[in-house]
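Structure assessment
The residues making up each chain are set out below.
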Number of protein chains: 6
Amino acid sequence: MAFTHFDQEGNAVMVDVTEKADTVREALASGTIKLNQEAFEAVANGTTKKGDVLSVAATAGIMGAKKTAGLIPMCHILPITNCKVWFELDPKQREVHCFCTVKITGKTGVEMEALTGASVALLTIYDMCKAMDKSMEIGGIRLKRKTGGRSGEIVNP
Amino acid sequence: MAFTHFDQEGNAVMVDVTEKADTVREALASGTIKLNQEAFEAVANGTTKKGDVLSVAATAGIMGAKKTAGLIPMCHILPITNCKVWFELDPKQREVHCFCTVKITGKTGVEMEALTGASVALLTIYDMCKAMDKSMEIGGIRLKRKTGGRSGEIVNP
Amino acid sequence: MAFTHFDQEGNAVMVDVTEKADTVREALASGTIKLNQEAFEAVANGTTKKGDVLSVAATAGIMGAKKTAGLIPMCHILPITNCKVWFELDPKQREVHCFCTVKITGKTGVEMEALTGASVALLTIYDMCKAMDKSMEIGGIRLKRKTGGRSGEIVNP
Amino acid sequence: MAFTHFDQEGNAVMVDVTEKADTVREALASGTIKLNQEAFEAVANGTTKKGDVLSVAATAGIMGAKKTAGLIPMCHILPITNCKVWFELDPKQREVHCFCTVKITGKTGVEMEALTGASVALLTIYDMCKAMDKSMEIGGIRLKRKTGGRSGEIVNP
Amino acid sequence: MAFTHFDQEGNAVMVDVTEKADTVREALASGTIKLNQEAFEAVANGTTKKGDVLSVAATAGIMGAKKTAGLIPMCHILPITNCKVWFELDPKQREVHCFCTVKITGKTGVEMEALTGASVALLTIYDMCKAMDKSMEIGGIRLKRKTGGRSGEIVNP
Amino acid sequence: MAFTHFDQEGNAVMVDVTEKADTVREALASGTIKLNQEAFEAVANGTTKKGDVLSVAATAGIMGAKKTAGLIPMCHILPITNCKVWFELDPKQREVHCFCTVKITGKTGVEMEALTGASVALLTIYDMCKAMDKSMEIGGIRLKRKTGGRSGEIVNP
């Protein structure tokens, strides 16, 4: 199987979706940031008190999802119809799990938008915690579920 | 220790660096994407033949590093003086390791630029391989080294 | 009545318009900047002679309307089909009134685009006059009329 | 007095600040949005409970301030060193007052950044309340105080 | 014949395409950069060895085409469905010819996107060769072919 | 002589200017668009009557120069201190000549900014005239003069 993002001469190309039908498509991506105890507690407390890191990160994630076509060279400009970013905290592992779901009625899927939204949200948490923790790590950025389009449903458990 | 990104009333703020000295600062970030056999081989072959995924990803990573202040809400606009993105392939693990180094003579560090550059480069690889592999995972995004500024050298082995 | 921009857990979300029909929608917004005598005359003269502040401001307003989704976190990316910015001068009050109309065939309204276009146009006038007048004020930014979509026609006299 | 933003032939120009000294400069801008009772209460409650409109608006305002040079044609690209957006609520008038302060060590002032930050924050409140109130009005956008640079301190009481 | 980009009062406007039908449209633009011998050889060798200028330029061209509406004031935001940038080398003339094709199913043509893509790709070659050649020239930027829409096929031989 | 934009392994890199001194630098670029009789007259008349194409194009050119680092992958983010775009009309050749000058006190030159400013201004003229002339051509985009920095003055007559 060849790359769909290169033509026969090896030129990188945007995949041609001109003739594809507009269908409802949805993608859910996730990722995780691991923090030290001090930073994790600061983030966790921020969700109930003033100084809400996760609210800033969710806003950044949604705005980041909308910027996907400006960041990823071969991504199409997609007028997405829905985006949501949310978090789950795992105090035992000192991890913040980020989820980003994106929807569209369009000709191509939105997994890159969901992955970009999650990545930007996690980088925003990193930025706001980096005075407290110099060794954070972001990982587990992956597609969890994708529906719509020719390839049908994809689930990564 | 409190967040530097919130004031006493809990308002999110850009950290005030007005009075800080301009010094040479450098940051190196890394991250990894794990691919299936088919996608890994296509990427690996692309580096010697036509269809070079990694060249597109490096370009996207450098452009992404320059967009950091537009993506991460509290990041300063930083006229970075150097940026480089490169890759190492691990065929046994089917992993592409991405490295991004950023430099500046400025008032604040550039780790967010390096982390963003690496993230965008890895997302670009994901995008160009997603027709071949629906289960890729991006991880290990972290700061490896940082020099310059008040906090001195930071090394995460 | 609850916010449409938050889900039940309080996460800020882009409103889901995936299932809405594409209909013709139009919005007209307006706003005003009040200038001192010197600045007002310079702007007024500029519309007939060289040095046309209002031409620059109209261009900035149209470009600003197109940037709405990049500025307002929960706004959808909307491929607007028409945008126009124009001005009326009130010499007695030394005010420049700005009007911005935006149209689309789409799933959601374009009032934010019209309001953003008017705001950016007025800020541009401010910028170009600020050497002459240090006490300008921008106000009266509001939706004047909106048609199309489920909520039908809205008129603010 | 002539426009500084036009040359002698009437061409719009960015003002030449090449030879100006780098000095510390600061600007504080403000503006107001007037809401109906339902929307005002929803915003006011959101500041203590889930669904925090003002946190989203502050984030958007800071990001908007950083985009000033991309919005206002003749504005310089300014690597601002500090930005903060905050709000005061006036329940009697059902008004939200927005304040935006910006700082830089640079060759030109940052009042446009402060005014743009306040404008974008207020437009964000508008966007998130527009399902509840179709007749909001944004006004009173003005410079309150400016220090640094050749023109010294400016105060608009 | 009058400008379609101005209304009867002389205000610059985005052309209203609200009522136009969505049809498949395509545009091909081209342009050329002339280099000195040293720079031309470096570019030509780069396409088979390491240091591939043309790969970076093609990536930049595709990303540039997507930014058209942010660059050209009266251009519509167009969710283009395909973009490809490629090059032909003329060693005798020491010229690199650039081609950019863009497609959409939409209400208006994409020639500006194709022309912008070609221009940005050529400027990228200029940037990467400017240490070797201080006298490069970019020219011949024009529409070669355009199909779809009311004006039918246009061919510039 | 090797590319400065690639390292020894062939990775595209932003040239490292961290250690370079801040000096005053200036660049002047030019370019030309050739129009048919109808379009040329419309543009020429627009400069004295309503409907001023060249005012819109100059605004777009200045804004385009500020976007250079976002368009050209290896260009540095440069807080330029001056930009001006202007035009000369040649009725005999039916040509509009565009000039763009950019200045900075910085570590690297601004020729790419001047060339990008001229290119965007000319593309804007193309856009606004394309209903009248389907065969326009943009050419002659080149650096006319450059001062400051290590390479001293460069003049292309």
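Going by the structure above, here's the rest.
Residues numbered from 1 in each chain as written. Chains lettered and ligands numbered in written order. Predicted model: local features only at pLDDT ≥ 70, side-chain atom pairs only at ≥ 80, totals over all residues. Heavy atoms only, no water.

Tallying each qualifying case throughout the model produces six aromatic pairs over all chains. On the basis of an interplanar angle of 20 degrees and a centroid distance of 5.5 Å, the ring pair of Trp86 of chain D and Phe99 of chain D is categorised as stacked. With a gap of 13 residues between them, Trp86 of chain D in strand β2 (residues 82-90) and Phe99 of chain D in strand β3 (residues 95-106) connect regions that are remote in the sequence. Its relative accessible area of 13% is what places Phe99 of chain D among the buried residues. The cationic tip of Lys84 of chain A hangs over the ring face of Trp86 of chain A; the distance from NZ or CZ to the ring centre is 5.1 Å. (Phe/Tyr/Trp six-rings, centres within 6.5 Å; stacked < 30°, edge-to-face > 60°. Helix = DSSP H or I, 4+ residues; strand = E, 2+ residues; numbered from the N terminus. Buried < 20%, exposed > 50% of the residue type's maximum accessible area, 1.4 Å probe, protein only. Lys NZ or Arg CZ within 6 Å of the ring centre and 35° of its normal.)

Moving on, we get to the side chain of Asp133 of chain A. All names here are of chain A. As for its placement among the helices and strands, Asp133 is situated in the loop between α4 (111-129) and β4 (137-147). As a buried residue without a salt bridge, Asp133 has its nearest oppositely charged side chain in Arg94, at a separation of 6.7 Å. Of the polar contacts made by the side chain of Asp133, one reaches the backbone nitrogen of Asn36; its length is 2.5 Å. A polar contact is formed between the side chain of Asp133 and the backbone nitrogen of Ser135, at a distance of 2.8 Å. The contacts of Asp133, once residues within four sequence positions are left out, are Lys34, Leu35, Asn36 and Ala39. (Lys, Arg positive; Asp, Glu negative; His and termini not counted. Salt bridge = Lys/Arg side-chain N within 4 Å of Asp/Glu carboxyl O. Polar contact = N/O pair within 3.5 Å; in protein donor to acceptor, adjacent residues only side chain to side chain. Contact = heavy atoms within 4.5 Å.)

Bringing the environment of Val56 of chain E into the picture now. Within the secondary structure, Val56 of chain E is located in helix α2 (residues 53-66). Taking the relative accessible area as the measure of exposure, Val56 of chain E reaches 1% and is therefore buried. A C-alpha to C-alpha distance of 41 Å links Val56 of chain E and Asp7 of chain E, two positions 49 residues apart in sequence. If we skip the residues at most four places from it in the chain, Val56 of chain E touches Thr59 of chain B, Thr124 and Met128 of chain E together with Ala12, Pro73 and Met74 of chain F.

This part is about the relation of the copies chain B and chain D. Superposing chain B onto chain D takes a rotation of 120 degrees plus a shift of 0.0 Å along the axis, which leaves an RMSD of 0.0 Å. Such a combination of rotation and displacement between the chain copies is what one expects of a three-fold axis. Proximity to the rotation axis, assessed at the C-alpha, singles out Pro79 of chain B in chain B; its C-alpha lies 4.3 Å from the axis. When you check the interface residues of chain B against chain D, a mere 5% turn up at the interface there too, and the two sides of the contact use different surfaces. (Least-squares fit on C-alpha atoms with pLDDT ≥ 70 in both.)

The next point concerns the interface of chain B and chain A. When the parts of a complex come together, some accessible area is lost, and that lost area is often taken as the interface size. Contacts between the two partners involve 54 residues from chain B, matched on the other side by 54 residues from chain A. Buried surface at the junction of chain B and chain A, both sides included, amounts to about 4500 Å², of which 68% is carbon and sulfur. Viewed at the interface, chain A and chain B are joined by zero salt bridges. For the pair chain B and chain A, the interface holds 10 residue pairs in polar contact (both at pLDDT 80 or more). Secondary-structure elements contributing two or more residues to the side of chain B that touches chain A are α1 (37-46), α2 (53-66), α3 (68-71), α4 (111-129) and β4 (137-147) of chain B. Considered class by class, the residues forming the side of chain B that touches chain A number 29 nonpolar, 14 polar and 11 charged. (Buried area = accessible area lost by both parts, 1.4 Å probe. Nonpolar A, V, L, I, M, F, W, Y, C, P; charged D, E, K, R; others polar.)

So, about the relation of the copies chain B and chain A. Between chain B and chain A, which share one sequence, the superposing operator has a rotation angle of 180 degrees and an axial displacement of 0.0 Å; the RMSD is 0.0 Å. Both copies are brought into coincidence by an operation consistent with a two-fold rotation axis. Taking the C-alpha atom as reference, chain B places Gly139 of chain B closest to the rotation axis, 1.8 Å from it.

Okay, the pairing of strand β3 (residues 95-106) of chain C next. Residues and elements named next belong to chain C. Along β3, 10 of the 12 residues are buried, which leaves the element largely enclosed by surrounding structure. Judged from the 12 bridges that link them, strand β1 (residues 23-34) and β3 form a sheet pairing that is antiparallel. Of the residues in β3, the one forming a bridge with Thr32 is His97. When strand β2 (residues 82-90) meets β3, the two strands line up antiparallel, connected through nine bridges. What sits directly across from Trp86, in β3, is Phe99. (Pairing = 2+ DSSP bridges.)

Before going further, it helps to spend a moment on unusual backbone geometry. Residues and elements named next belong to chain A. Look at Arg94: it is not a glycine, yet its phi comes out positive at around 55 degrees. Looking at the secondary structure, you find Arg94 in the loop between β2 (82-90) and β3 (95-106). For Arg94, a relative accessible area of 28% translates into the label partly exposed.

Listed per partner, the contact involves 22 residues of chain B and 17 residues of chain D. For the pair chain B and chain D, the summed buried surface comes to about 1500 Å²; carbon and sulfur atoms form 60% of the total. Area buried by chain B at its contact with chain D is led by Met14, Thr18 and Ile77 of chain B, which between them contribute 40% of it. On inspection of chain B and its partner chain D, the count reaches two salt bridges.

With that settled, consider the packing of helix α4 (residues 111-129) of chain C against helix α4 (residues 111-129) of chain D. Remark: α4 of chain C packs on α4 of chain D, axes separated minimally by 11 Å, with the N-to-C direction vectors making an angle of 165 degrees. The orientation of α4 of chain C with respect to α4 of chain D, classified from their angle, is roughly antiparallel. Note on packing geometry: the crossing formed by α4 of chain C with α4 of chain D is right-handed. On α4 of chain D, the residues that touch Met112, Leu115, Thr116, Ser119, Leu123, Tyr126 and Asp127 of chain C of α4 of chain C are Met112, Leu115, Thr116, Ser119, Leu123, Tyr126 and Asp127 of chain D. (Axes fitted to C-alpha atoms, helices over the stretch in contact; angles between N-to-C directions. Parallel < 35°, antiparallel > 145°, perpendicular 65-115°, else oblique. Left-handed = near helix turned anticlockwise from the far one by under 90°.)

A word on the pattern of salt bridges. Residue and element names in this part refer to chain F. The tally for this structure, following the rule as stated, stands at 36 salt bridges over all chains. Among the salt bridges present, the one from Lys107 reaches Asp22, with a minimum N-O distance of 3.7 Å. A residue pair is termed long-range when its members are at least 10 positions apart, and Lys107 in the loop between β3 (95-106) and α4 (111-129) and Asp22 in the segment before β1 (23-34) qualify at 85 residues. For Lys146, the salt bridge goes to Glu111, with nearest N and O atoms at 3.9 Å.

Helix packing geometry: the angle between the two helix axes and the distance between the axes. Residues and elements named next belong to chain A. At a minimum axis distance of 7 Å, the contact between helix α2 (residues 53-66) and α4 shows a crossing angle of 145 degrees. The two elements α2 and α4 meet at a crossing, and its hand is right-handed. Counting all contacts with α2, which are made through Val53, Leu54, Val56, Ala57, Ala60, Gly61, Gly64 and Ala65, the residues of α4 involved are Glu113, Thr116, Gly117, Val120, Ala121, Thr124, Ile125 and Met128. The residue inventory of the contact of α2 with α4, partitioned by class, reads 10 nonpolar, five polar and one charged.

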